[in-house]
Structure formats: structure tokens, C-alpha cells
Amino acid sequence: MNKQLDRIIKSLNRLDDDLIWKKMKDSMNSIGNLCLHLAGNEYQNLISAIGNKPFIRERAQEFNSEGGISKDELSSLLLRTRSESESILSVLSEQDLKREVIIRYDLEDWNRMLRVNASG
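About the cut-offs
- Residues numbered from 1 in each chain as written.
- Predicted model: local features only at pLDDT ≥ 70, side-chain atom pairs only at ≥ 80, totals over all residues.
- Heavy atoms only, no water.
- Helix = DSSP H or I, 4+ residues; strand = E, 2+ residues; numbered from the N terminus.
- Expected span 1.5 Å × (residues − 1).
- Buried < 20%, exposed > 50% of the residue type's maximum accessible area, 1.4 Å probe, protein only.
- Arc of directions from axis to C-beta.
- Contact = heavy atoms within 4.5 Å.
- Salt bridge = Lys/Arg side-chain N within 4 Å of Asp/Glu carboxyl O.

**Student:** Tell me about helix 1 (residues 2-13), and please be specific about residues and values.
**Tutor:** In this model helix 1 runs 16 Å from its N-terminal to its C-terminal C-alpha over 12 residues, within 8% of the 16 Å that 1.5 Å per residue would give. All of the buried residues along helix 1 are Leu5, Ile9 and Leu12. Mapping the buried residues of helix 1 onto a view down its axis gives an arc of 60°, with all of them on the same face. In helix 1, the exposed positions that point more than 90 degrees away from the buried face belong to Lys3 and Lys10. Tucked inside the fold, the buried residues of helix 1 contact helix 2 (17-20), helix 3 (31-50) and helix 5 (71-90).

**Student:** Describe the pattern of salt bridges, and please don't skip the residues or the numbers.
**Tutor:** As enumerated under the stated definition, the model contains four salt bridges in all. Here Arg82 makes a salt bridge to Glu42, at a shortest N to O gap of 2.8 Å. Of this pair, Arg82 sits in helix 5 while Glu42 is found in helix 3, placing the two residues 40 residues apart along the sequence. Considered together, Arg82 and Glu42 belong to a single accessibility category, that of buried residues. For Glu62, the salt bridge goes to Arg57, with nearest N and O atoms at 2.7 Å. The exposure class of Arg57 is buried, given its relative accessible area of 8%.

Given below as C-alpha cells:
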């Protein structure tokens, strides 16, 4: 897990803050958006679902953000998220590995991902 994270951090460090938030096209995501999304996914799937921590995520904001977060802050977010994930994974029991987990999604995010309009 950490090998790829190290590559992401090294790549971020080579860029200036403006370039991190640049989108080549309006339909594309910036590097900053992708970093926020990676941290959000890891939190949702490992920390919240497996670690039974509260579900706190603003998935739409990960893609709508247009800056205001420096590369150092993005790196810190990714590293903090990874550290918390490692803490959870390091104490999992065999029983934990066999249990079913529920990945929670906000209805709005679920609809956006499936391109439908389901009601809750």
C-alpha cells in the first residue's frame, strides 16, 4: 500500500500548488481532486467500513474542489488517512477478516455513480 502512496507524494512534491489544481478540460479531474478522492475512498472503505468509524465523506466536494488546499496539505491528508488505515488493519482478527462489511454511500453519491435517481 505504501509504495504507491510514496510515489504519489513524490509526484506531488514536484509540482506547484497551481498545477495541482489545473484541469486540462472541464470534464477532467485535477491532481488535487484525485488526491481528495483517494483519501475519501480509503477513509470510506477501510476506516469507516472495516474500522467501524463514523461515515464522514463529502464525495461530490472531492470532485468540485478547485483549489485552496496546498500540496503539503494534500500530502498530509493522504498520510494521515493511511496511518489511520494501518492502525485499523494491524489489529484485525481472523474473525474480522471473515465478517461482511457494509460500504455506506450518501444517496446523492450513489445516484451520481449509477447515473440514476433512486429515492431513499
